[in-house]
Amino acid sequence: MNRRVKLTLDIIIGAVIPILILNNLNEQLGTVNTYIVAALVPVAWILLDACLITRQFNFITSYVGAFAILRGLLAFWFVDGILFALKDTLGTIFTVIVFGVSILISRPIMHYFLMQGMSPDSPQQKRSLKALLAEPKVYRALVKGTKIILMINLLVGMANFFLNLQIVVAEFGTTAFNQQVAQVNAITQIAFILCELIGAGVAAVLIRRAMFYYLPQEDGKEQDESDFWDLLKLRDRQRLATDL
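Residues numbered from 1 in each chain as written. Predicted model: local features only at pLDDT ≥ 70, side-chain atom pairs only at ≥ 80, totals over all residues. Heavy atoms only, no water.

### Overview of the packing of aromatic side chains
For the structure on display, the rule yields 15 aromatic pairs. Arranged with centres 5.7 Å apart and planes meeting at 90°, the rings of Tyr63 and Phe113 form a pair that is edge-to-face. Taken as a pair, Tyr63 in helix H4 (residues 59–74) and Phe113 in helix H6 (residues 109–117) lie far apart in primary sequence, 50 residues in all. Judged on exposure class, the residue Tyr63 and its partner Phe113 are both buried. In this structure an aromatic cluster arises from ring pairing among Tyr35, Phe78, Phe84, Phe172 and Phe177. When the ring centre of Tyr213 is taken as origin, the NZ or CZ atom of Lys137, which lies over that ring, is 4.9 Å away. The ring of Phe212 is capped by Arg208, whose NZ or CZ atom sits 4.3 Å from the centre of that ring. (Phe/Tyr/Trp six-rings, centres within 6.5 Å; stacked < 30°, edge-to-face > 60°. Helix = DSSP H or I, 4+ residues; strand = E, 2+ residues; numbered from the N terminus. Buried < 20%, exposed > 50% of the residue type's maximum accessible area, 1.4 Å probe, protein only. Lys NZ or Arg CZ within 6 Å of the ring centre and 35° of its normal.)

### Describing the packing of helix H5 (residues 81–104) against helix H8 (residues 136–167)
Contact geometry of H5 with H8 gives a least axis separation of 9 Å together with a crossing angle of 175°. What the angle tells us is that H5 and H8 run roughly antiparallel. (Axes fitted to C-alpha atoms, helices over the stretch in contact; angles between N-to-C directions. Parallel < 35°, antiparallel > 145°, perpendicular 65-115°, else oblique.)

Encoded structure:
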């Protein structure tokens, strides 16, 4: 699926549709059922994407699937006030913990995202990419990229917690509660996605710069004009020639 189409669907199904449900279906479905349906729509979309559209079982789909299952389970934890603010932030806390632990054990999670996202289509490409990611500058860039996304999620989580605490003040199971949740979602789902995209973009630039530091340049071409995999293959040939 085209990435632009995927991002558009993520925003529509993950943010717009739940907000519309929370604001408009309370009388038809009842307030509790409306809340559950709105919470499960993005969860169903994530699982549908992982199982039927992407159709790949790897680190990324495992992480996304675990995140979706957590959100699905939390939908049935009926709380309000400070507990709801905490509940709505647990997904971000999960992300912070996973990224933080990966740094502590010296296995930055961006390494695994990159290995899957680059989609090497042969064992040789996979080995070559893995060797490139193990280079000192690239490893440090992977750690920095992981830290950037961790910090953004930490800040986003704190902002989300306090927004919920200030705005969602009604009792659970009321129309006012659902509408207040929709109000918070209208703020956070777009603003936070943009923050995360900016953070991911900065991390990607740092990692790409470090990777290309170790890649050769084809004759008569700038590095940006060459195919990444061709440069990686050329790097392997040059290293082999040096070893011989």
